[in-house]
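Notes for the structure review
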Amino acid sequence: QVQLVESGGGLVQPGGSLRLSCTASGSIASINAMGWYRQVPGKQRELVAAVTTGGNTNYADSVQGRFTISRDSIKNTVYLQMNSLKPEDTAVYYCNADILQSEPPRALDAWGQGTLVTVSS
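Quick caveat, the model's predicted, so the values are computed rather than measured. (Residues numbered from 1 in each chain as written. Predicted model: local features only at pLDDT ≥ 70, side-chain atom pairs only at ≥ 80, totals over all residues. Heavy atoms only, no water.)

**A few points about the overall build of the protein chain**
A count of helical and extended segments in the protein chain gives zero helices and 11 strands. Along its sequence from the N terminus, the protein chain presents helices and strands in the succession β-β-β-β-β-β-β-β-β-β-β. The C-alpha radius of gyration of the protein chain comes to 14 Å, within 12% of the 14 Å expected for a compact globule of 121 residues. Considered along the principal axes of its C-alpha atoms, the protein chain spans approximately 45 × 25 × 25 Å. Scored against the burial criterion, the 121 residues of the protein chain give a buried share of 40%. For the protein chain, contacts bridging at least 24 residues in sequence account for 57% of all contacts bridging at least 6. Carbon and sulfur atoms make up 47% of the accessible area of the protein chain, which totals about 6,400 Å². (Helix = DSSP H or I, 4+ residues; strand = E, 2+ residues; numbered from the N terminus. Rg over C-alpha atoms; globule rule 2.2 N^0.38 Å. Buried < 20%, exposed > 50% of the residue type's maximum accessible area, 1.4 Å probe, protein only. Contact = heavy atoms within 4.5 Å. Areas by Shrake-Rupley, 256 points an atom, 1.4 Å probe, with all protein chains shown as cover.)

Now the structure itself:
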């Protein structure tokens, strides 16, 4: 089985920074795109940032210039560096990855369990 485990959430003051990490483990043949989504109660989950195997990135307009996504393909890990955090960034952040599982062979749209980020003074 494949598992995504996130870490790095917590409480931070406005203007502060946090770094989220997400590592995929298990029976993995390959990983395509990886990304971060976030969700607040009563709203749909939204894309924050994504990165392809080739390193191409995509950001939500609301985080452009403040957040940076990166990945370490050897470690099967994706990171989200969040700077200049605002109260409206408060949400549960979820890691997502398009994974080709090796045994049994199948394509997966895998999700982490979520990590809470709270931006408040």
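**A look at the sheet that holds strand β1 (residues 2–7)**
Strand order in the open sheet made by the four strands is β1-β3-β8-β7, with antiparallel pairing throughout. Sheet topology places β1 and β7 (67–72) at the edges, where each strand pairs with a single neighbour. Taking each pair of neighbouring strands and ignoring which way they run, the sheet shows an average axis angle of 15°. (Pairing = 2+ DSSP bridges. Axes fitted to C-alpha atoms, helices over the stretch in contact; angles between N-to-C directions.)

**Quick look at the environment of Y79**
Along the chain, the position of Y79 falls in strand β8 (residues 77–82). For Y79, a relative accessible area of 14% puts it in the buried group. Separated by 43 residues in the primary sequence, Y79 and W36 place their C-alpha atoms 8.7 Å from one another. Here Y79 is in contact with R19, L20, S21, W36, T68, I69, S70 and D72, once residues within four sequence places are set aside.

**Observations regarding the packing of aromatic side chains**
For the structure shown, the criterion picks out one aromatic pair. The aromatic ring of W111 is capped on one face by R45, whose charged end is 4.7 Å from the ring centroid. (Phe/Tyr/Trp six-rings, centres within 6.5 Å; stacked < 30°, edge-to-face > 60°. Lys NZ or Arg CZ within 6 Å of the ring centre and 35° of its normal.)

**Brief notes about the pattern of salt bridges**
Across all of its chains, the model carries three salt bridges by this definition. Between R66 and D89 there is a salt bridge whose closest N-O contact spans 2.8 Å. Placement of R66 in the loop between β6 (57–59) and β7 and of D89 in the loop between β8 and β9 (91–102) is noted, with a sequence separation of 23 residues between them. Here R66 matches D89 in class, with each residue buried. The network of salt bridges with shared partners includes R38, E46, R66 and D89. (Salt bridge = Lys/Arg side-chain N within 4 Å of Asp/Glu carboxyl O.)

**Let's talk about the pairing of β7**
Burial of β7 is one-sided: the residues F67, I69 and R71 facing one way are buried, the residues T68, S70 and D72 facing the other way are not. As judged from the six bridges shared by β7 and β8, these two strands associate in the antiparallel manner. Looking across to β8, one finds that T68 is bridged to Q81. Hairpin geometry of β7 and β8 is characterised by an intervening segment of four residues between the two adjacent antiparallel strands and by a positive phi of about 55° at N76.

**A closer look at the nonpolar core**
Judged by nonpolar contacts, the single largest core of 31 residues is most densely connected at W36, L80, M82, Y93 and I99. The set of elements that each furnish at least two residues to this core consists of β3 (18–26), β4 (28–39), β5 (46–51), β7, β8, β9, β10 (105–111) and β11 (115–119). Per-element accounting of this core gives the leading share, five residues, to β9. When sequence neighbours within four positions are dropped, the list of residues in contact with L80 reads L18, R19, L20, W36, V48, A49, F67, T68, I69 and Y93. (Core = buried A, V, L, I, M, F, W, Y, C linked by side-chain atoms within 4.5 Å.)

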